[in-house]
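# Descriptive analysis of the structure
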Amino acid sequence: MLNIVRNQALEAAKKRLHLSFSQARQYSQCSLAYRFKYLEARPAESVSVNLLFGKAVHDACADFNFSLIEGKPMDVAEVERRFEQAFTNHISEEKTPISFKKDDMACLMAKGKAMARLFAERPRQNKVIYVEHPILVPFNHPRTGDYMLDLFGIVDWAELTPD
């Protein structure tokens, strides 16, 4: 479910001139790296295992939040299993060489399950109303008001407070 929603939002954004937060951050940190990645679409030499780890944690937490919206909250063991499955999938599907810095797979798997467990067990007072919600905001020239491009993003989740 998560990938379907995310992919639909990404496909819709690709059809319009847009700038994502990640692109803007990359450009501000290193314009040459931005050029290589986004303009020239050069392949990366390697991908950090931490990126794949973060994606898997994100996926497990999003799946849990979807379960809350659907009124069928996952139990903790299922959220841990979702992390394990997502991490394994991200690792096996990665075509670029994966770089490891400090932790090995077993350590990362244990840390990821612990993070997913903590997320699922945290007390909740608010109601989750959106998960992986795309936003597209027109960005106009500050002086002329002419349309320039769209600012695109995906909100991880939004909650409604009781008051």
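In the block above lies the structure referred to throughout.
Predicted model, so just to flag it, every value in this text is computed and none were measured.

## A few points about the overall build of the protein chain
Looking only at helices and strands, one finds 6 helices and 5 strands in the protein chain. Element order for the protein chain, N to C, with α for helix and β for strand: α-β-α-α-β-α-α-β-α-β-β. Within the protein chain, the fraction of its 163 residues that count as buried is 27%. In the protein chain, of all internal contacts separated by at least 6 residues, the share reaching a separation of at least 24 is 71%. Of the accessible surface of the protein chain, which amounts to about 11,000 Å², a share of 57% is contributed by carbon and sulfur atoms.

## Observations regarding unusual backbone geometry
Where the residue is not glycine, phi is negative for most of them; where a peptide bond is considered, it is trans in most cases. The backbone phi angle of A41 is positive, close to 50°, even though this residue is not glycine. On the basis of relative accessible area, A41 is assigned to the exposed category, the value being 57%. Here the phi dihedral of E132 falls at roughly 55°; this positive angle occurs in a residue that is not glycine. Judged by relative accessible area, E132 falls into the buried class, the value being 2%.

## Thoughts on the pattern of salt bridges
Taken as a whole and judged by the stated rule, the model has 9 salt bridges. R35 serves as the salt-bridge partner of E40, at 2.6 Å between the closest nitrogen and oxygen. Each of D63, E78, R81 and R82 takes part in salt bridges that share partners, so that together they form one network.

## Structural notes on the environment of R124
On the secondary structure map, R124 appears in the loop between α6 (105-121) and β4 (127-140). Within the local environment of R124, its side chain forms a polar contact with the backbone oxygen of F119, the two atoms lying 2.8 Å apart. At 2.8 Å, the side chain of R124 and the backbone oxygen of R122 are in polar contact.

## Brief notes about the packing of aromatic side chains
In this structure the tally under the stated criterion is 7 aromatic pairs. When the ring of F53 is compared with that of F83, the centres are 5.7 Å apart and the planes differ by 75°; the resulting orientation is edge-to-face. On the criterion of sequence distance, the pair formed by F53 in helix α4 (residues 49-69) and F83 in helix α5 (residues 76-93) is long-range, its members being 30 residues apart. Here F53 matches F83 in class, with each residue buried. An angle of 25° between the planes, with centres 5.5 Å apart, marks the rings of F83 and F87 as stacked. Here the residue F83 and the residue F87 both occupy positions in helix α5, the gap between them amounting to 4 residues, near one helical turn. Three or more aromatic residues joined by ring pairs form one cluster here, namely Y27, Y34 and Y38. Over the face of the ring belonging to F36 we find R42, whose NZ or CZ atom lies 3.8 Å from the ring centre. Directly above the aromatic system of F119 lies the positively charged group of R124, at a separation of 5.0 Å from the ring centroid.

Cut-offs used in this document
Residues numbered from 1 in each chain as written. Predicted model: local features only at pLDDT ≥ 70, side-chain atom pairs only at ≥ 80, totals over all residues. Heavy atoms only, no water. Helix = DSSP H or I, 4+ residues; strand = E, 2+ residues; numbered from the N terminus. Buried < 20%, exposed > 50% of the residue type's maximum accessible area, 1.4 Å probe, protein only. Contact = heavy atoms within 4.5 Å. Areas by Shrake-Rupley, 256 points an atom, 1.4 Å probe, with all protein chains shown as cover. Salt bridge = Lys/Arg side-chain N within 4 Å of Asp/Glu carboxyl O. Polar contact = N/O pair within 3.5 Å; in protein donor to acceptor, adjacent residues only side chain to side chain. Phe/Tyr/Trp six-rings, centres within 6.5 Å; stacked < 30°, edge-to-face > 60°. Lys NZ or Arg CZ within 6 Å of the ring centre and 35° of its normal.

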